[in-house]
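Coordinate inspection notes
Here are the chains, one letter per residue:
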Protein chains: 2
Amino acid sequence: METFEHTVEMHPSRWGDPARAGALPEPARGLVELVFGLDERPALDDVAPPEPGIAPGLVAGLAELVGPAHVRTDDLTRRLRTRGKSTPDLLRQRAGDLTDAPDVVVRPGDHDQVAAVLAFAVEHHLAVVPFGGGTSVTGGLAARRDGYAGLVSLDLVRMKRLLAVDPTSMTATLEPGLRGPEAEALLAAEGLTLGHFPQSFEHASIGGFAATRSSGQSSAGYGRFDALVVALRVATPRGELRLGSAPATAAGPDLRQLLLGSEGAFGVITEVTVRVRRLPAEKVYEGWRWPSFADGAAAMRTLAQTGLLPTVLRLSDEHESALNLARPAELGSGDAGGCLMVVGHEGEPAVVATRRRAVADVLAGLGGTPLGEEPGRAWARGRFDAPYLRDSMLDVGVLVETLETATFWSDVERLYDDVRTALTGALGEPVLVLCHISHVYETGCSLYFTVAAKAGEEPIERWRAAKAAASDAIVAAGATITHHHAVGTDHRPWLAAEIGELGVSVLRAVKADLDPTGILNPGVLVP
Amino acid sequence: METFEHTVEMHPSRWGDPARAGALPEPARGLVELVFGLDERPALDDVAPPEPGIAPGLVAGLAELVGPAHVRTDDLTRRLRTRGKSTPDLLRQRAGDLTDAPDVVVRPGDHDQVAAVLAFAVEHHLAVVPFGGGTSVTGGLAARRDGYAGLVSLDLVRMKRLLAVDPTSMTATLEPGLRGPEAEALLAAEGLTLGHFPQSFEHASIGGFAATRSSGQSSAGYGRFDALVVALRVATPRGELRLGSAPATAAGPDLRQLLLGSEGAFGVITEVTVRVRRLPAEKVYEGWRWPSFADGAAAMRTLAQTGLLPTVLRLSDEHESALNLARPAELGSGDAGGCLMVVGHEGEPAVVATRRRAVADVLAGLGGTPLGEEPGRAWARGRFDAPYLRDSMLDVGVLVETLETATFWSDVERLYDDVRTALTGALGEPVLVLCHISHVYETGCSLYFTVAAKAGEEPIERWRAAKAAASDAIVAAGATITHHHAVGTDHRPWLAAEIGELGVSVLRAVKADLDPTGILNPGVLVP
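Note that the structure is predicted; figures quoted are calculated from it, not measured. The written sequence of each chain sets the order in which its residues are numbered from 1. Chain letters start at A and ligand numbers start at 1, both assigned in the order the entries are written. The model is predicted, so local features are restricted to residues of pLDDT at least 70 and side-chain atom pairs to those at 80 or more, both for listing and for counting; the totals for chains, interfaces and linings are taken over all residues. In computing side-chain properties, one takes all heavy atoms of the structure into account and sets aside hydrogens as well as water.

1. Examining the overall build of chain A
The line we're drawing: Each helix is a run of DSSP H or I of at least 4 residues and each strand a run of E of at least 2, with the numbering of both proceeding from the N terminus. Three exposure classes are used, based on accessible area relative to the maximum for each residue type with a 1.4 Å probe and protein chains only: buried under 20%, partly exposed in between, and exposed over 50%. Whether two residues are in contact is decided by their heavy atoms, any of which lying within 4.5 Å being enough. Here, Shrake-Rupley sampling with a 1.4 Å probe gives the accessible areas, and only protein chains in the shown set may cover a residue.
A tally of regular secondary structure across chain A gives 18 helices and 20 strands. C-alpha extents for chain A along the principal axes are approximately 70 × 60 × 45 Å. Counting all 527 residues of chain A, 62% fall into the buried class. In chain A, once contacts between residues fewer than 6 apart in sequence are set aside, the share between residues at least 24 apart is 77%. With an accessible surface of roughly 17900 Å², chain A has 54% of that area assigned to carbon and sulfur atoms.

2. With respect to the pattern of salt bridges
Side chains that differ in charge, positive against negative, can pair when their charged atoms come close. To keep things clear, this is the line we draw: For this document, the term salt bridge refers to a Lys or Arg side-chain nitrogen within 4 Å of an Asp or Glu carboxyl oxygen.
Evaluation of the coordinates by the stated rule reveals 68 salt bridges over all chains. We note a salt bridge from B:Arg20 to B:Asp385, for which the minimum N-O separation is 2.8 Å. Residue B:Arg20 is located in the loop between strand S2 (7–8) and helix H1 (28–35), and its partner B:Asp385 is located in the loop between helix H14 (374–381) and helix H15 (386–395); the two are separated by 365 residues in the primary sequence. Here B:Arg20 falls in the partly exposed class, since its relative accessible area comes to 38%. Connected via shared salt-bridge partners are A:Glu286, A:Arg356, A:Glu373, A:Glu374, A:Arg377 and A:Arg381.

3. What about the sheet that holds strand S20 (residues 444–454) of chain A?
All names here are of chain A. Here is the rule we go by: In this description, strands pair whenever DSSP reports at least two bridges between them. Fitted lines through C-alpha atoms give the axes, limited to the stretch in contact for helices. The angle between two N-to-C directions lies from 0 to 180 degrees.
Spatial ordering of the open sheet is given by S17-S14-S16-S15-S19-S20-S18, a layout of seven strands whose pairing is antiparallel. The sheet terminates laterally at strand S17 (369–372) and strand S18 (398–408), the two strands that pair on one side only. Neighbour-to-neighbour, the strand axes of this sheet turn through a mean angle of 25°, independent of strand direction. Pairing of strand S19 (residues 432–437) with S20, which is carried by five bridges, proceeds in the antiparallel orientation. When the bridges of S20 are listed, Val-433 appears paired with Val-451.

4. Focus: the interface of chain B and chain A
The test is simple: Buried area is a sum: the accessible area each of two parts loses on coming together, probed at 1.4 Å, counted once for each and added. A 3.5 Å cut-off defines polar contacts: any pair of N or O atoms within that distance qualifies, except that in protein one atom must be a possible hydrogen donor and the other a possible acceptor, and neighbouring residues in sequence count only when both atoms are side-chain atoms. Charged means Asp, Glu, Lys or Arg here, nonpolar means Ala, Val, Leu, Ile, Met, Phe, Trp, Tyr, Cys or Pro, and polar covers whatever is left, Gly included.
Taken together, the contact between chain B and chain A spans 73 residues of the former and 73 residues of the latter. Counting the surface lost from both chain B and chain A, the interface buries some 5200 Å², and carbon and sulfur atoms represent 64% of this. Across the pair A:Glu442 and B:Arg275 runs a salt bridge, and its minimum N-O distance is 3.6 Å. For the interface between chain B and chain A, the tally reads 34 residue pairs in polar contact (both at pLDDT 80 or more). Secondary-structure elements contributing two or more residues to the side of chain B that touches chain A are strand S10 (229–236), strand S11 (239–243), helix H10 (256–259), helix H11 (293–305), strand S18 (398–408), strand S20 (444–454) and helix H18 (492–514) of chain B. Sort the elements by how many residues they give to the side of chain B that touches chain A and H18(B) lands first, with 12 residues. Tallied by class, residues from the side of chain B that touches chain A come to 33 nonpolar, 26 polar and 14 charged.

5. Points about the relation of the copies chain B and chain A
Our working definition: For the least-squares superposition of copies, only C-alpha atoms count, and only for residues with pLDDT at least 70 in both.
Least-squares fitting of chain B to chain A yields an RMSD of 0.0 Å, with the superposition described by an axial translation of 0.0 Å and a rotation of 180°. Here the two chains are linked by the operation of a two-fold rotation axis. Residue by residue, 100% of the interface of chain B is reproduced at the interface of chain A, so both copies engage with the same surface.

6. Structural notes on unusual backbone geometry
Residue A:Pro27 is bonded to the preceding A:Glu26 through a cis peptide linkage, with omega at 5°. For A:Pro27, the position within the fold is in the loop between strand S2 (7–8) and helix H1 (28–35). Even without being glycine, A:Leu525 reaches a positive phi, approximately 70°. With respect to the helices and strands, A:Leu525 occurs in the segment after helix H18 (492–514). When its relative accessible area of 0% is taken as the criterion, A:Leu525 is described as buried. Phi at B:Arg83 takes a positive value of approximately 60°, unusual for a residue other than glycine. Here B:Arg83 is to be found in the loop between helix H3 (75–80) and helix H4 (87–94).

7. Thoughts on the state of the cysteines
All names here are of chain A. Note the threshold: Any two cysteine sulfur atoms within 2.5 Å of one another count as a disulfide.
With the rule as written, the count across this model stands at zero disulfides over all chains. Cys-435 takes part in no disulfide bond, and the closest cysteine sulfur to it belongs to Cys-445, at a distance of 8.5 Å. The buried category is assigned to Cys-435, whose relative accessible area is 0%.

8. So, the sheet that holds strand S12 (residues 268–275) of chain B
Residue and element names in this part refer to chain B. Strand order in the open sheet formed by five strands is S7-S8-S12-S10-S11, with antiparallel pairing between adjacent strands. Only two strands of the sheet have a single partner each, and these edge strands are strand S7 (162–166) and S11. The mean inter-strand angle of the sheet, taken between neighbouring strand axes irrespective of direction, is 10°. The pairing of strand S8 (residues 171–174) with S12 spans four bridges and is antiparallel. Residue pairing for S12: Ala-172 is matched across the bridge by Val-274.

9. Concerning H18(B)
Convention followed: A helix is expected to span 1.5 Å for every residue after the first. At every residue, the bend is computed as the angle between two fitted axes, covering the seven residues ending there and the seven beginning there respectively.
For H18(B), spanning 23 residues, the distance from its first C-alpha to its last is only 20 Å, which falls clearly below the expected 33 Å at 1.5 Å a residue. Where H18(B) bends most, at B:Ile499, the angle is about 105°.

10. A closer look at the nonpolar core
How we decide: The nonpolar core is taken to be a set of buried Ala, Val, Leu, Ile, Met, Phe, Trp, Tyr and Cys residues, with the residues joined through side-chain atoms within 4.5 Å.
Ranked by internal contacts, the top residues of the largest apolar core, which has 175 residues, are A:Phe225, A:Met341, B:Phe225 and B:Met341. Ignoring any residue separated from it by four or fewer positions in sequence, one finds B:Phe225 in contact with B:Leu194, B:His196, B:Ile206, B:Phe209, B:Ala210, B:Ser214, B:Val272 and B:Val274.

11. Re the pairing of S8(B)
Residues and elements named next belong to chain B. The side-chain alternation of S8 yields two buried faces, one formed by Thr-171 and Thr-173 and the other by Ala-172 and Leu-174. Of the strand pairs in this sheet, S7 and S8 are connected by four bridges, and their pairing is antiparallel. Bridge pairing in S8 places Ala-164 opposite Thr-173. Where S7 folds back on S8, the antiparallel hairpin that results is connected by four residues, among which Met-170 adopts a positive phi of roughly 55°.

12. Focus on helix H4 (residues 87–94) of chain A
Three or four residues apart is the spacing at which side chains of an α-helix point the same way, because the helix has 3.6 residues per turn. Residue and element names in this part refer to chain A. Taken across its eight residues, H4 has seven buried, putting it largely inside the fold. All of the buried residues in H4 are Thr-87, Pro-88, Asp-89, Leu-90, Leu-91, Gln-93 and Arg-94. On the buried face of H4, the contacting elements are helix H3 (75–80), helix H15 (386–395), S18 and helix H17 (459–476). With a side-chain oxygen lying 2.9 Å from the backbone nitrogen of Asp-89, the N-terminal cap of H4 falls on Ser-86. Positioned one or two residues after H4, Gly-96 has a phi angle of 80°, which is positive.

13. Section: the confidence of the model for chain A
Definition in use: What pLDDT reports is the predictor's confidence in each residue, on a scale of 0 through 100.
Residues of chain A with pLDDT of at least 70 account for 96%, and the chain-wide mean is 94. Model confidence for the complex: the whole-complex pTM is 0.96, and ipTM, which rates the interface, is 0.96.

Structure below.
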């Protein structure tokens, strides 16, 4: 598979590094056969995208802006820039449906080239889809193309410099095309870390983290990505925005917070200045067993509300503990069940030791049973692997989808029940629903659901039915439609329920101001 | 002086509780005489505002919406709602200039009445100035009135309920008219605190804290007000906004952050849901001496970057330490100088003890000298008193102004020098400039300057010259024009330098969407 400037390209119809794609391992295969039956479905991976629907003169014009080597219309490049990695994205790609393929892939080298491409796109009414890591799981790269003179994938892969480090202020300025590991490697050379490790870490980009309000597995300790962002530089069709002049300000509304989560619909983020931390000298992850999900959640709440949040804090419900992370011997005797919590501490050894002892005292006092480091190490080993399993399951005809929400502590139990009920009832047949809490705050937490069901004859329709049932339940409970996966196109129908019609009107007004001809990621985010 | 529903009204031409107004105490008077000379200037406190310039039918219409008892056009009420408490506001008020007096003061009782008043104001093109505590020090209540059928002060003083408490999620929902002490008293009855104590605490309101992105003296421990806000309800001319459905979300841009800092120009905040904490069982404040401002600042940076921020952390420069907080015996022998740091810890006694020891170890290791609790107690006793001194100084012909900014650690020294130089050179005669750091972050800190100079014949012009010099220096240094005082009208000329012309354009677009006829706080915030 092609790599571009040392960035590993993901498989066009699967998650992640093609070298790591593989068949469902035994005994998972046996378990799947037992529950759902096996229904082998090879992907159609050699379909060519439609001919580019853009005038050759426009391609030549783009080549003048960024150089001919950085404008591509070949089939493979266009296939690799077709949509993201949502379950419907993968299903369409596997079925050989490449109707969303961009007409041309353009790779600007810096802010000025991005600005030039946007100006050209305005002039010629080209739709522009900013492409970072391509890891969207909510249809954030499936833009509308009708009515445009062409669909341009604005691939930021060349923009991967560490532009500045300020070790006194503990900030670093990064370009948007840096993938997670690339950014961490550049920072590690300075003894620093960003500390942002979402499940998509190996392939997602700095620009994408900012544009989608990403949250990572260590965000309890390091903060969500939106909390890490100090300053942004953004290219828009109406010019440049530079936001973030101080650690904190009262100079009016915080416009950075309009660009964070803007999903490429308001502008293209070309520089991100982030708060960084010293590379931790020690990392320790350990397991704890809880009699129930509710007991474990209550313990998480206590930690958050007493200022004792570890760096990593996760809790699987009974179903996920039994099935996904199962080491039954550790979780107690057979049907006794129980829930697995992973607690991680990172930092200077003395700080880690003090912190670990304080957290352990609280957890033990609340009824948790320490399981030692092995469950923590097992989690850390596989922390980025789950998306590969989804493809292996699709190979044998099983849909696996994840969705996440968040609410306040007093509503967690009800939201959990409501979403589970909605998901188990959505398809009228056995559905497997697992859940964990992966992000914890003083006032509440996230709930992350994994759902598995037979793909059936109409897998996208079945996905749509389950997604609608879950989303309806979430907005009915007053929770957020997405805690860290962003809106994309999949959550767009529920955005007005969350922020109101007037909130949507404000988004439209901002979009109209920054992108008056509507060339940026059309149809994404804004209903 | 009138009180309304037990809320203490501030003096119309001075800061704070009229009962606490007083002459400059000796020996301050002696010192002022020595440096500036005494130039007694009694305020003209018995001037009546101009006749209300609003049609009587409109006053009657407003009375129908909120009840006749809650619509006032008497001289005293209108004087009490004329402008805020900036130095130019006070100078104009003292000179008997009441040209900005509202034509009518309207006191809605709930969200629906606010919405009804806004609809009425749109229909009849009345300018509306939302009034919380009236403590603005940046001209945030000096709205433009030309072209409107009248100027309405929308006084939120009746909206002072604690609407909800969720002790599980540790949130509380407050109405905007609650003054700081009123909100704390209601929360204290539940064993809770907001922990927000700006210098204006005794008079400022919950709605104002949100609308101006307030930051308090204990914000190192409790968080800035914008970080405390979980959810907002806002009445706008185009309807209602309800924002904040979860502790964190990736459902697009964070629109709460557009309303925080919107200074009444986008809508009227009618409910604020905040994160709360348990009332601290212990509070301890202590003093530390540093050889220099730079040494103390470096120690603050170490605390912030190692996760050891106390609840309160402040550092006065050499000038402020010597003059303002001076207890020379404690700060070392005479001209040896030195800088005073105040370090405060609040919480459970065991946590306070551990934290205090850890912080003291760091500070002692970096060259700080502990001064015990007396300097801390002295600071705590007088923490809300400084604004009274400004009036006593105006009484004897001395202008005292404060202004604040923030920047990243690597730029602090340069910014400090640049602003000091600008201020000392602005008037071509002796100016006293003091500075402290009161807000500390991982990436930087605030700088809070106090300036004193002779009022002279044209005090407002002199104020304007000094303000412009300082503001020019701040934006030239790339720092923020205001860390916690908001934009108002005084900082408006420099907003574009901070957020760019395109940033201003976005603010205008949002304003045009939410307030299409421009009735809300005209001329405030948006250039």
